[in-house]
Amino acid sequence: MSTVAELYETANSAASKGCGCSYELYVQKLTREIDQTASRLAPDQAAALQDYARQKGNYAPDADEGHLEGFCCHGIEYGCCPAGCDDVEEDYWDSEDQEAARIALNQEIMAEIEEEAEQARMAAVASRDARVLDRIGMIRRRMAV
C-alpha cells in the first residue's frame with residue numbers, strides 16, 4: 001500500500017506533464033489527479049490524501065468553477081497560450097458576430113473540459129462499484145462455505 005505522500009507525488013508527476021508554464025492548468029490537472037486517485041481509495045484514505053494535498057497548497061477542487069474574462073481555459077491570456085487559444089490579433093474580435101464566435105469557442109472549450117471531468121467521474125463511479133461488487137462477492141462466498 002502506498003503512503004499518502006507517495007500517492008500525492010504520483011499525482012503531482014502526472015499533473016506536471018503537459019501543463020507548460022501555466023500554474024492554473026497545473027492546479028486543475030493536479031486536482032483532477034488527486035480526485036481520481038481518491039475515488040479508488042477507502043474513504044478515510046481518500047480524505048487523508050485530499051487533506052495532504054490541501055496542505056501542500058496546490059489542491060483546489062473549486063478551480064474549474066472560476067473563469068476569468070480575457071483568459072483561456074488554461075489560465076493564460078488570450079494570444080499568449082502555447083496551445084494556440086485565441087492566437088490572433090486583439091482587433092480580430094471587433095464585431096459583435098466575431099465576439100459571439102469567440103464566446104461560442106470559449107464555451108466549446110469549457111464543454112470539452114467538463115466532458116473530460118464527467119468521464120473521470122464516471123470512471124471513478126465504475127471503479128467504486130467494482131470494489132463494492134467484489135466485496136459483495138467475497139461475502140457471498142464466505143456465507144456459502
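Criteria and cut-off values
Residues numbered from 1 in each chain as written. Predicted model: local features only at pLDDT ≥ 70, side-chain atom pairs only at ≥ 80, totals over all residues. Heavy atoms only, no water. UniProt positions renumbered as here; feature names shortened; annotations may be inferred. Helix = DSSP H or I, 4+ residues; strand = E, 2+ residues; numbered from the N terminus. pLDDT = per-residue confidence, 0-100. Contact = heavy atoms within 4.5 Å. Axes fitted to C-alpha atoms, helices over the stretch in contact; angles between N-to-C directions. Parallel < 35°, antiparallel > 145°, perpendicular 65-115°, else oblique. Left-handed = near helix turned anticlockwise from the far one by under 90°. Nonpolar A, V, L, I, M, F, W, Y, C, P; charged D, E, K, R; others polar. Salt bridge = Lys/Arg side-chain N within 4 Å of Asp/Glu carboxyl O. Buried < 20%, exposed > 50% of the residue type's maximum accessible area, 1.4 Å probe, protein only. Expected span 1.5 Å × (residues − 1). Arc of directions from axis to C-beta.

J.: Could you give an account of the UniProt feature "coiled-coil region" (unreviewed entry) in the protein, with specific residues and numbers?
T.: The UniProt feature table records "coiled-coil region" (unreviewed entry) at residues 103–130. Taken end to end, residues 103–130 comprises 100% helix and 0% strand; its first and last C-alpha atoms sit 40 Å apart.

J.: An account of the confidence of the model for the protein is needed here, citing residue identities and associated values.
T.: Model confidence for the protein is summarised by a mean pLDDT of 78, while 77% of its residues fall at 70 or above. This stretch, residues 87–93, has a pLDDT under 50; its non-local contacts, to residues over four places away or in other chains, come to eight contacts.

J.: Go over the packing of helix 1 (residues 4–16) against helix 2 (residues 23–39), please, and point to the residues and values.
T.: Where helix 1 contacts helix 2, the two axes come as close as 8 Å, and the packing angle between them is 140 degrees. On the basis of their axis angle, the class for helix 1 and helix 2 is oblique. By crossing handedness, the relation of helix 1 to helix 2 is classed as right-handed. On helix 2, the residues touching L7, Y8, A11, N12, A14, A15 and S16 of helix 1 are Y26, K29, L30, E33, I34 and T37. Residue composition of the contact of helix 1 with helix 2, by class: eight nonpolar, three polar and two charged.

J.: Quick rundown of the pattern of salt bridges? Include the residues and the values.
T.: Enumeration according to the criterion identifies three salt bridges in this entry. Between D51 and R54 there is a salt bridge, with the nearest N and O atoms lying 3.3 Å from each other. Residue D51 and its partner R54 are located together in helix 3 (residues 43–56), separated by three residues, close to a single helical turn. Judged by relative accessible area, R54 falls into the partly exposed class, the value being 43%.

J.: Could you give an account of helix 3, with specific residues and numbers?
T.: The terminal C-alpha atoms of helix 3, which comprises 14 residues, lie 20 Å apart, in line with the 20 Å expected from a rise of 1.5 Å per residue. Residues A46, L49 and A53 constitute the buried set of helix 3. For helix 3, the angular spread of buried residues about the axis comes to 65 degrees, placing them on one side. Every exposed residue of helix 3 that faces more than 90 degrees away from the buried side is listed here: P43, D44 and Q55. Where helix 3 is buried, its residues contact helix 1 and helix 2. G57 sits one or two residues past helix 3 and shows a positive phi near 100 degrees.

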